[in-house]
Amino acid sequence: MGIRRDRFIVVVGIDFTPESERALAVACSIASSMPEAEVHAVHAVAAPVHPFVLEVVAHVDLAADRERLQALCDRYRGYFRVFVVPHLVLDDPEVALPELARERNADLIVIGTHDRTGLERLLLGSVAERIQRRAPCSVLLLRTRDGATAAPEPDPPGYAVEHRVRAGRSRPESAGD
């Protein structure tokens, strides 16, 4: 007997790059078309090895990241009108995202890739590939090449509304109005 749930759950990786914001926008756009959907925005910070460094990071950097993540989630929640939950996790992204997806019984993981090539990829590897291998669900990779996105980029939060207001004010009025 399987677990029955009515929510569509999306986990999205956030590292505060334009690629991860694009991933959050796409995840929220997908979720907004589903009834009772949830987006779980995960910012995973790799744990430092030295205990003293861990203490400094936990008190300084994580507090700033927590505020930044909360603000980002609030902005996208307001724009897309979807339930967005921030998660700040002290772990490697390739462990944290699949683990949260498994815990939440997620339907989809969305991540933006940096498309590293050559020596950089050899040395750093591909976090996206490692997430994909460990994921308990489908993974949507949004690639960026030469500034172009794999999918049409949604308007940033607030842009479309702001643009319409400006256009409405600047439109010449006709004599009959």
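Above this text is the structure in question.
These notes cover the structure that comes with them. (Residues numbered from 1 in each chain as written. Predicted model: local features only at pLDDT ≥ 70, side-chain atom pairs only at ≥ 80, totals over all residues. Heavy atoms only, no water.)

### Some remarks on the nonpolar core
- In this structure, Val12, Ile14, Leu24, Cys28, Val39, Ala41 and Val110 are the most contacted members of the largest nonpolar core, which totals 25 residues.
- Among the secondary structure elements, those contributing two or more residues to this core are β1 (9-13), α1 (18-32), β2 (38-45), α3 (61-80) and β4 (108-112).
- In this structure, valine 12 is in contact with Ala23, Leu24, Ala27, Val39, His40, Ala41, Val42, Leu97 and Val110, ignoring residues within four places of it in sequence.
- Formed by 17 residues, the second largest nonpolar core is a distinct cluster that contains Val11, Ala128, Cys137 and Val139. (Core = buried A, V, L, I, M, F, W, Y, C linked by side-chain atoms within 4.5 Å. Buried < 20%, exposed > 50% of the residue type's maximum accessible area, 1.4 Å probe, protein only. Helix = DSSP H or I, 4+ residues; strand = E, 2+ residues; numbered from the N terminus. Contact = heavy atoms within 4.5 Å.)

### Here we look at the pairing of β2
- Of all eight residues that make up β2, eight are buried, and the element is covered over most of its length.
- Alignment of β1 against β2, held across five bridges, turns out to be parallel. Opposite isoleucine 9, over in β2, you have glutamate 38 as the bridge partner.
- Read as a crossover between parallel neighbours, the route from β1 over α1 to β2 is right-handed.
- Sheet topology note: the β2/strand β3 (residues 83-90) ladder contains eight bridges and is parallel. Each residue of the ladder has a partner; that of histidine 40, found in β3, is valine 85. (Pairing = 2+ DSSP bridges. Right-handed = clockwise from strand over helix to strand, strands pointing away.)

### Observations regarding the sheet that holds β3
- On the basis of which strands lie adjacent, the open sheet formed by five strands has the order β3-β2-β1-β4-β5 and parallel pairing. This sheet does not close on itself; its edge strands, each paired only once, are β3 and β5 (138-142). When the angles between neighbouring strand axes are averaged without regard to direction, this sheet yields 20 degrees.
- Packing against the sheet, helix α4 (residues 93-104) makes contact with β1, β2, β3 and β4, and its axis sits at approximately 150 degrees to β2. (Axes fitted to C-alpha atoms, helices over the stretch in contact; angles between N-to-C directions.)

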